[in-house]
Amino acid sequence: MDIPSKYDAKSVENKWYDYWMKHGFFRSEPDEREPYSIVIPPPNVTGVLHMGHMMNNTLQDVLIRRARLNGYNACWVPGTDHAAIATEAKVVAKLKAEGIEKSDLTREEFLKHAWDWTHEYGGVILEQLKKLGCSCDWDRTKFTMDDDMSASVIKVFVDLYEKGMIYRGYRMVNWDPEAKTTLSDEEVIYEERQGQLYYLSYAIEGSDEKVTIATTRPETILGDTAICINPNDERYKHLKGKKAIVPLANRAIPIIEDEYVDVEFGTGCLKVTPAHDENDKNLGDKHKLEVIDIFNEDATLNSNGLHYEGKDRFVVRKEIVKELEEKGFLVKTEDHVNKVGTSERTKAIIEPRLSDQWFLKMEELVKPALEAVLDTKEIKLFPSKFENTYRHWLENIRDWNISRQLWWGHQIPAYYYGDGEKDFVVAENADEALAKAKKQSGNEALTTADLQQDNDSLDTWFSSWLWPISVFNGILEPENKEIEYYYPTNDLVTGPDILFFWVARMIFAGYEFRGKKPFSNVYLTGLVRDKQRRKMSKSLGNSPNALKLIEEYGADGVRVGLLLSSAAGNDLLFDEALCQQGKSFSNKIWNAFRLVKGWEMADIEQPEYAVTAIKWYKNKFQQTLKEIEDQYSKYRISDALMATYKLVWDDFCSWLLEMVKPAYQQPIDEKTYREVIAIFEDNLKLLHPFMPFLSEEVWQLMEERTPEDALIVSKWPSQTDFDTEIIKNFDFASEVISGIRTIRKEKNIAFKNGISLSLINNEKADSVFDTIIKKMGNIDELSYVDEKVDGALSFRVKSNEYFIPVSGAIDVEEEIGKLEEELSYTEGFLKSVQKKLSNERFVNNAPEKVVAGEKKKETDAIAKIATLKERLISLK
RNA sequence: GGGCGAUUAGCUCAGUUGGUUCAGAGCGGCUGGUUUACACCCAGUAGGUCGGGGGUUCGAAUCCCUCAUCGCCCA
């Protein structure tokens, strides 16, 4: 068979993915095995794969493939999220481009467009995940707006309402004037902006006096309903009980007192606009102030805005400052940096706004969620540093505003039958609503036509917080076989940016609706950044095209590249060079396979070096496997990969294969061959979670396999005891080989020229690796001697001395120089050890083990110094 | 403004409860090497007063204090 020297990822990836799919290896159904389940963090249904997804899903695939190899019934549930604001915004923009305004459409018409859009672009991202090798159970693919998923959301809403946990309130909310909807606190991003502080002069009613206030938002003076001073502020005491006149509006407003006012800020005198500021609203409630809302829903001014009606808030800010200045109300302006809230999705500046919204009480939901993560550790966060952040958020949480003024999403199941504030019912459908409405109103004549369903829809997260339950239909049929089997799920892999949006809320939902945690472990990945530490984003254009990367480096190469430097919770500075490293690794494994595959077997005796080499590798493999298991258990996936990488590249390829390799064009004995193949197979199993395609390809090329024998469903190597002695002996031998190589290099002795080696075995080193030293160093003759060999080059490993005689004169001066350097270094080392040992307090206080270690160092150093000195004398 | 975390080799990071190797890895660098699996390779090698200062201890990258710089979360 002629195998190309370069691994060609493109030609094999689709082949194996189809094969795995065809044989249903990703499929999971409840059976007698122990389950291992993961639910995917559902990406935006119309989104495309970006680096964050790639990393996130690679990690999930590693976990799920490893679980599968470990004999679990592995189930990875894929799906997508309807992403209310983002998707609605895209559809609105698309319609606009076609000359259609959303306001010209009915809800039904708009939803039809939205569904068309979803069907056209929906699920592209899932196809991309397949290219990456993700082994999701695609038959389970869910969408947050599937009928059953929607029904779950509505049922939960009704339940919570009936429990008194959902209420309607007239509250200050975060208003996105661009999307014309409210946002939850978590969807607001605070940014520092350079602005100005305007000092405005208000006249005092019935006097010539004026008072100056400082504000960052001069346009809101039209909504002012009070001036507030601190009662402890001597400067303004005389104003108590008086009234001030709002400039331009000429309204008289009361001057109130409250300790809330910071006397240090501005002039120590505050204008109060209850309709447009959270703190002012609180003041207003406390002092029973009038509320004047000056904005429309798109943040243009309404009729309270006088002659500014219809103009945008920022246009008005400029114009009103000009007018105030012209009319003498503007005292001065100062530069001022302030934090403004912006919409996570539309980037619009958030306007605090009073409106009727739906809220979910948080107080009770938070308790079990805090306990599970911080006390019982029923749910573990990796890395644990996020526990602090989690605690802080949960302890300061406010009720969750769950209504959105959007059409794309789950419509709130509240039905109004009258104009009164309480003339509504909450029900799962119109029929039930009618029955409830009749009962509640006492009006038996009501018909469905009299009911008006709430126009708002629910926050996207109000559906995704149910995800681990609803994908198994655990809301509608709480005792079905699937939910009982797969829930709680095992691991969740997601970014820390949605720790609050999603993770915490799933924990709330899990305890509230199942009385159980939704998952046991949460692995929080870092954000993917570019080399300059900038977040990957479309606007910066610094996000590489995911599919192009796969094409260039192979899915396995990209997976390895992403995992190599992605310690949990640490940001990943993405560099394509890492994918190149992954690709090189693929090629390395490929070529190891080519080498082994090319060997001719013969009925010859197994050489001693091969016996030893294989014995060593088997122990080394076990040692590494133990390490890898430990790293997996701590979710240190990149460390597990690095350990695998070094095992395969260094120990397997560079050492084992070189050690057992037959001479050029010579056959290999059958026993060694079989053992190397078995070892190779075990390596492939360790590699499979990271590099599924390459490992399966090599596995299948090794021999004919039935589908049941495919690598993806093979058995993970089991752990056994291992002998550390042989590993130590090997390490010693490898230092000897290294010494030989160094001398060869320094003296320009080509490897093909055999040399002889003599040694004084002060260390009483085991001779078991001698045949290997001979082979790896191309040593013709290896002899044990008692005396120094004159006229030979030498090196030392611990206190052992090695001599390589060379033809012609050796450079005595150079040799002496080297020896002296080594001697002075060792003497310095001995001195520091002896200093420690002569310190009584050290000897008395340090543990015996440590003292013994130091004494051993002392003995070794003394022995080495002796050999060095003797050698020097013989040369001089 | 409040809270949390970080600062170790040119880069990205390990370093577990303070103590066996006078601090480790990968990448990159440098030097040499291609008839004999792989130059997407092999071999060898250099590189760090563990951010600064102080303290506790027989002993500190590790614990405490302080300063500096950076990041994240919240208001």
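Preceding block: the structure.
Residues numbered from 1 in each chain as written. Chains lettered and ligands numbered in written order. Predicted model: local features only at pLDDT ≥ 70, side-chain atom pairs only at ≥ 80, totals over all residues. Heavy atoms only, no water.

Engineer: Describe a positive patch on the surface, listing the residues and the values that go with them.
Structural biologist: Together, K90, R345, K347 and K535 line one region of the surface with positive charge. Position of K90 relative to the elements: it lies in helix 3 (residues 84–97). (Patch = residues over 30% accessible without salt bridge, like charges linked within 9 Å, V, L, I, M, F, W, Y side chains within 5 Å. Areas by Shrake-Rupley, 256 points an atom, 1.4 Å probe, with all protein chains shown as cover. Salt bridge = Lys/Arg side-chain N within 4 Å of Asp/Glu carboxyl O. Lys, Arg positive; Asp, Glu negative; His and termini not counted. Charge placed at Lys NZ, Arg CZ, Asp CG, Glu CD. Helix = DSSP H or I, 4+ residues; strand = E, 2+ residues; numbered from the N terminus.)

Engineer: Pulling in residues and values, what's your account of the pairing of strand 30 (residues 792–797)?
Structural biologist: Burial analysis of strand 30 places six of its six residues in the buried class, which makes it a mostly covered element. Burial along strand 30 is two-sided: A792, S794 and R796 and L793, F795 and V797, pointing in opposite directions, are all buried. Of the pairings in the sheet, the one linking strand 30 to strand 31 (residues 800–805) comprises six bridges and is antiparallel in character. Paired with L793 across the bridge in strand 31 is I804. (Buried < 20%, exposed > 50% of the residue type's maximum accessible area, 1.4 Å probe, protein only. Pairing = 2+ DSSP bridges.)

Engineer: Explain the packing of aromatic side chains residue by residue, including any values.
Structural biologist: Taken as a whole and assessed by the stated rule, the structure comprises 43 aromatic pairs. Ring centres of Y7 and W590 lie 5.4 Å apart, and the angle between their planes is 50°; on these two criteria the pair is classed as tilted. On the criterion of sequence distance, the pair formed by Y7 in the segment before helix 1 (9–22) and W590 in helix 17 (residues 576–598) is long-range, its members being 583 residues apart. Per residue, the accessibility class of Y7 equals that of W590, and both read buried. Judged by centre distance (5.5 Å) and plane angle (85°), the rings of W358 and F424 are edge-to-face. With W358 in strand 14 (residues 351–360) and F424 in strand 19 (residues 424–426), this pair connects stretches of sequence that are 66 residues apart. For W358, a relative accessible area of 0% gives the class buried. Between K130 and the ring centre of W138, over which it is positioned, the NZ or CZ distance is 4.8 Å. If you follow R705 out to its NZ or CZ, it ends over the ring of W699, 3.8 Å from the centre. (Phe/Tyr/Trp six-rings, centres within 6.5 Å; stacked < 30°, edge-to-face > 60°. Lys NZ or Arg CZ within 6 Å of the ring centre and 35° of its normal.)

Engineer: Give a description of a negative patch on the surface that names residues and reports values.
Structural biologist: Negative charge collects at one region of the surface, where E703, E704, E708 and D709 lie side by side. Tracing the chain through its elements places E704 in the loop between helix 21 (692–702) and helix 22 (724–746).

Engineer: Can you lay out the protein's contact with RNA strand B for me, pointing to particular residues and giving the numbers?
Structural biologist: Not every one of the 46 residues close to RNA strand B is listed here, only the nearest: W649, Y664, K745, Y825 and K857. Sugar and phosphate atoms represent 63% of those atoms of RNA strand B found within 4 Å of the protein. Contacts to RNA strand B include K588, whose side-chain N or O atom sits 2.8 Å from a base nitrogen. A distance of 3.4 Å separates a base nitrogen of RNA strand B from a polar atom in the backbone of A592. A per-element tally of the surface near RNA strand B places helix 17 first, with 10 residues. (Near = heavy atom within 4 Å. Polar contact = N/O pair within 3.5 Å; in protein donor to acceptor, adjacent residues only side chain to side chain.)

Worth remembering: the numbers are spatial, not functional.
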